[in-house]
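Examining the three-dimensional arrangement
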Amino acid sequence: MKIARFSHHDSIRFGIVDDTDLVVLSGDPLFAGLETTGERVPLSQAALLAPVIPRSKIMCVGRNYHDHAAEFGNEAPAEPLLFLKPNTAVIGPGDAIVRPSQSRRTDFEGELAVVIGRVGKNVPVERALDHVFGYTIANDVTARDLQRSDGQWARAKGFDTFCPLGPAIETEFDLDGARLTSRLNGTITQDAPLTDMVHSVADIIAYASAAFTLLPGDVILTGTPAGVGPFEAGDQIEIEITGLGTLRNSVRNA
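In every chain, residue numbers begin from 1 and rise along the written sequence. Local features in a predicted model are, by the rule used here, given only for residues with pLDDT of at least 70; side-chain atom pairs are given and counted only at 80 or more, and totals for whole chains, interfaces and linings are based on all residues. Side-chain metrics in this entry use all non-hydrogen atoms of the structure; hydrogen atoms and water are not considered.

Counting residues in each nonpolar core, the largest one holds 63 residues, and the members touching the most others are L112, Y135, L165, F173, L194 and I205. The residues contacting Y135, other than those within four sequence positions of it, are L112, A113, V114, L129, A168, I169, E170, F173, L175, V201 and L244. By nonpolar core is meant a set of buried Ala, Val, Leu, Ile, Met, Phe, Trp, Tyr and Cys residues that side-chain atoms within 4.5 Å join together. Categorising residues by exposure relies on relative accessible area from a 1.4 Å probe, with only protein chains included: less than 20% of the type maximum marks a residue as buried, more than 50% marks it as exposed, and the intermediate range marks it as partly exposed. Counting 7 residues, the second largest nonpolar core, distinct from the first, contains A4, V24, V41 and A168. Should any heavy atoms of two residues lie within 4.5 Å, those residues are counted as being in contact.

Encoded structure:
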């Protein structure tokens, strides 16, 4: 089941994607369940938004693919390397990524995003996936020069617009056989199976929940494969994951 957050007639709503329509839900499905109103809105008349705005946190995992760690001269860490993004970094499909004036190099990083559906603390690995509401696509935009100069990642990863999410949340998703493909102006730059992750989704959830209480609506970005690179104003970035669709964003300067 794909669930979208959308704008229609100046109101923000949630709906289940049903072919060319959205079956309107009575509220945020993370808190109000999947009760429908009986109304249908054509997708062509709706503007898709980021499918979730985390009320609490966006947790991210660095260097979670061996080939991506290697392309920057690093080794994949033995344990998940966690960092946070603010929820003010979130934008939706079709929104513009804004390159900040402080940075001379901004990079895209296509990633699988996990949306948490249940409160969890010290979650065991074998029950970790029970806490997942669904999956979507993310772009972990990074001011690469600031990441290097700052010595830590908060500013470089946390600018406004640096966390595109979308286009929808898929509640039934199997990583096996799924691939992530990123395109910059139509040219493929990243292409890898999700099974190349060093640390699995279940392992990441268990590890993160030992430090942070997981809350409904929290989002976990699970890392990026090799092929990340810089982009400029006027570029178009597309990130596609099998079964989840394609997240498209344009770029402009601040």
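The subject of this paragraph is the packing of aromatic side chains. Think of it this way: a Phe, Tyr or Trp ring, Trp meaning its six-membered ring, pairs with another when their centres are within 6.5 Å, and the plane angle makes it stacked under 30 degrees, edge-to-face over 60, tilted otherwise. Enumeration over the complete set of coordinates arrives at 3 aromatic pairs. Each ring, one from F83 and one from W153, has its centre 5.1 Å from the other, and the planes form 70°; the classification is edge-to-face. Taken together, the residues span a long stretch of sequence, with F83 in strand β7 (residues 81–85) and W153 in the loop between α3 (144–150) and α4 (154–158) at a distance of 70 residues. Taking the relative accessible area as the measure of exposure, F83 reaches 11% and is therefore buried. Residues F159 and F162 carry aromatic rings whose centres are separated by 5.3 Å and whose planes lie at 55° to one another, so their mutual orientation is tilted. Here F162 falls in the buried class, since its relative accessible area comes to 0%. By the criteria applied, helices consist of DSSP H or I runs no shorter than four residues and strands consist of E runs no shorter than two, each listed in order from the N terminus.

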